[in-house]
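# Descriptive structure summary
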Amino acid sequence: MSLGPLMIDLQCTVLQAEERDMLRHPLVGGIILFTRNYENTDQLRALIDAVHAVREPRLLIAVDQEGGRVQRFRSGFTRLPPVAELGRIANKDPARALSLAETTGWLMAAELRAVGVDLSFAPVLDLDHRRSSVIGDRAFHRNPEVLTELAHAYMLGMRHAGMAAVGKHFPGHGGVAADSHLELPEDKRSLADLRAEDLLPFERMIHYGLPAVMAAHVVYPAVAPLPAGFSYNWLHTLLRRELGFQGAVFSDDLSMAGARVAGATPTQRAHVSLEAGCDMVLICNDRPAVIEVLENLDYAPNPASQLRLTRLHGRHQRNLQELQNSPQWRKAVEMVRSYDADPMLDLDL
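Overview of the structure. (Residues numbered from 1 in each chain as written. Predicted model: local features only at pLDDT ≥ 70, side-chain atom pairs only at ≥ 80, totals over all residues. Heavy atoms only, no water.)

## With respect to the packing of helix H5 (residues 144–160) against helix H7 (residues 199–207)
To keep it simple, the criterion reads: Comment: axis = line fitted to C-alpha atoms, over the contacting stretch for helices; angle = value between 0 and 180 degrees taken between N-to-C directions. Secondary structure elements follow DSSP: runs of H or I of four or more residues count as helices, runs of E of two or more count as strands, with numbering from the N terminus. Crossing handedness is read from the near helix: turned anticlockwise from the far helix by less than a right angle, it gives a left-handed crossing, and turned clockwise, a right-handed one. We call two residues contacting when some pair of their heavy atoms lies within 4.5 Å. Following the grouping adopted for this structure description, the nonpolar residues are Ala, Val, Leu, Ile, Met, Phe, Trp, Tyr, Cys and Pro, the charged ones are Asp, Glu, Lys and Arg, and the polar ones are all others, Gly among them.
Between H5 and H7, whose axes approach to 9 Å, the crossing angle comes to 40 degrees. Considering only the axes of H5 and H7, their crossing is right-handed. Contacts from Pro144, Glu145, Leu147, Thr148, Ala151, His152 and Met155 in H5 reach Leu200, Pro201, Arg204 and Met205 in H7. Counted by class, the contact of H5 with H7 contains seven nonpolar, two polar and two charged residues.

Here is the structure:
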């Protein structure tokens with residue numbers, strides 16, 4: 001069985017019987033985990049093993065483990081500062097910031113790989129224009145050159161740990177105030193303006209070998225009438241043809257308010273997104289929507305998408321105890337501790 005184009009979520013800390021049936025559906029290709037799916041590392045490992053036992057090839061297992069506000073697994077994992085801290089260090093000591101970025105990317109990815117997670121949707125490549133509260137300190141920096149170098153180092157760390165990076169949110173979410181979880185943001189800048197700033201990190205990271213991107217639920221009316229994740233112009237003409245991107249494209253969550261402009265039903269939104277060029281679409285926190293798509297989406301497997309997705313399976317896995325006994329892990333934890341902006345909050349060791 002091939003990997004389907006749909007990534008869905010689970011309800012709790014153990015795999016439910018009805019979820020086993022859903023995961024066997026040929027349209028499903030992965031799951032995304034949330035805090036509600038986590039109690040401790042042993043439980044998480046058991047949950048992931050149960051998912052992998054359902055079918056071959058193994059479903060992709062993903063999570064948002066950026067650090068700061070967006071870190072789904074905390075107790076039992078190293079608490080990661082927001083990456084904006086790396087940007088602040090880069091203003092004074094660029095060499096130290098790059099070293100810390102690579103170490104942080106490695107530590108985040110190595111801990112997740114040790115429990116069987118394939119992907120963290122990171123790094124964030126959005127610029128911090130100081131307009132978006134939903135991005136904010138999730139962004140490395142305001143300057144695209146500084147951001148790109150930090151993100152590149154972070155990606156190298158992830159790669160050394162056996163995890164593919166997923167740059168988000170293409171072509172840039174940082175220039176709008178609206179939160180796409182709640183409404184449809186609109187960025188009225190011209191394509192020339194976007195090329196000069198927000199697109200630069202994506203262009204450079206693609207040159208550095210970025211394996212995957214996640215598209216933004218943001219509409220750029222000067223470029224295309226639909227948000228980037230539903231736009232052939234953004235995903236094929238610009239991302240693939242112009243920028244030469246050959247990796248996988250993920251949609252953002254189709255249940256978000258910013259996605260509803262692409263269709264009245266989840267199936268319509270999934271269809272538009274896949275036709276526009278996404279390889280995998282996410283539906284989170286809306287089980288009826290998942291069921292509706294599984295029952296109604298007409299999708300023919302795409303061999304090129306299959307190849308792009310299978311390349312995202314994690315590598316270099318070792319168990320968590322072995323990892324935490326290693327000098328590399330201990331040194332990495334101390335380095336992360338060294339730039340934690342709030343030393344009163346202890347890391348979870």
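## What to know about the sheet that holds strand E6 (residues 119–120)
Stated formally: By the convention used here, strands pair only if DSSP detects at least 2 bridges between them.
Reading across the sheet, the eight strands line up as E6-E3-E2-E1-E10-E9-E8-E7 and stay open at both edges, with parallel pairing between neighbours. For this open sheet the edge positions go to E6 and strand E7 (166–170), each flanked by a neighbour on one side alone. Summarising the sheet, strand E9 (residues 248–253) and strand E10 (residues 280–283) pair through two bridges and their orientation is parallel. Its bridge partner being in E10, Asp253 is matched across the sheet by Leu282. Across the sheet, helix H10 (residues 287–296) touches strand E1 (6–9), strand E2 (28–33) and E10, and the angle it forms with E1 is around 150 degrees.

## Here's the deal with the packing of aromatic side chains
Put simply, the test is: Under the pairing criterion, centres of Phe, Tyr and Trp rings, with the six-membered ring standing for Trp, must be within 6.5 Å; the plane angle then separates stacked pairs below 30 degrees from edge-to-face pairs above 60, leaving the rest tilted.
With the rule as written, the count across this model stands at eight aromatic pairs. Clustering of aromatic rings is evident, with ring pairs tying together Phe170, Phe202, Tyr220 and Trp234.

## Some words on the nonpolar core
Here is a general trend for soluble globular proteins: nonpolar side chains tend to be buried in one another's company. The condition that has to hold: By convention a nonpolar core is built from buried Ala, Val, Leu, Ile, Met, Phe, Trp, Tyr and Cys residues, the set being connected through side-chain atoms within 4.5 Å. Summary of the burial criterion: residues with accessible area below 20% of their type's maximum are buried, those above 50% are exposed, and those between are partly exposed, where the area comes from a 1.4 Å probe applied to protein chains only.
If you look at the biggest cluster of nonpolar residues, it comprises 118 residues, and the most contacted ones within it are Leu33, Trp234 and Phe250. Examining the composition of this core, we find that nine residues originate from one element, helix H4 (residues 94–113), more than from any other. Apart from the residues within four sequence positions on either side, Trp234 is in contact with Phe170, Pro171, Leu191, Leu194, Leu199, Tyr220, Val223, Ala224, Ala228 and Leu239.

## Points about helix H3 (residues 84–92)
Ala84, Glu85, Leu86, Gly87, Ile89 and Ala90 are the residues of H3 that are buried. Contacts made by the buried residues of H3 are with H4 and H5.

## Let's talk about the pairing of strand E3 (residues 60–63)
Condition: Seen with its strands pointing away from the viewer, a crossover is right-handed when the path leading from the first strand over the helix to the second is clockwise.
Residue alternation in E3 divides its side chains into two sets, Leu60 and Ala62 and Ile61 and Val63, and both sets are buried. As judged from the four bridges shared by E2 and E3, these two strands associate in the parallel manner. Bridging from a neighbouring strand, Gly30 pairs with Leu60 of E3. Crossover connection from E2 via helix H2 (residues 41–52) to parallel E3: handedness right-handed. As defined by bridge partners, E3 adjoins E6 across two bridges and the pair is classed as parallel. Note on E6: the bridge partner recorded for Ala62 is Leu119.

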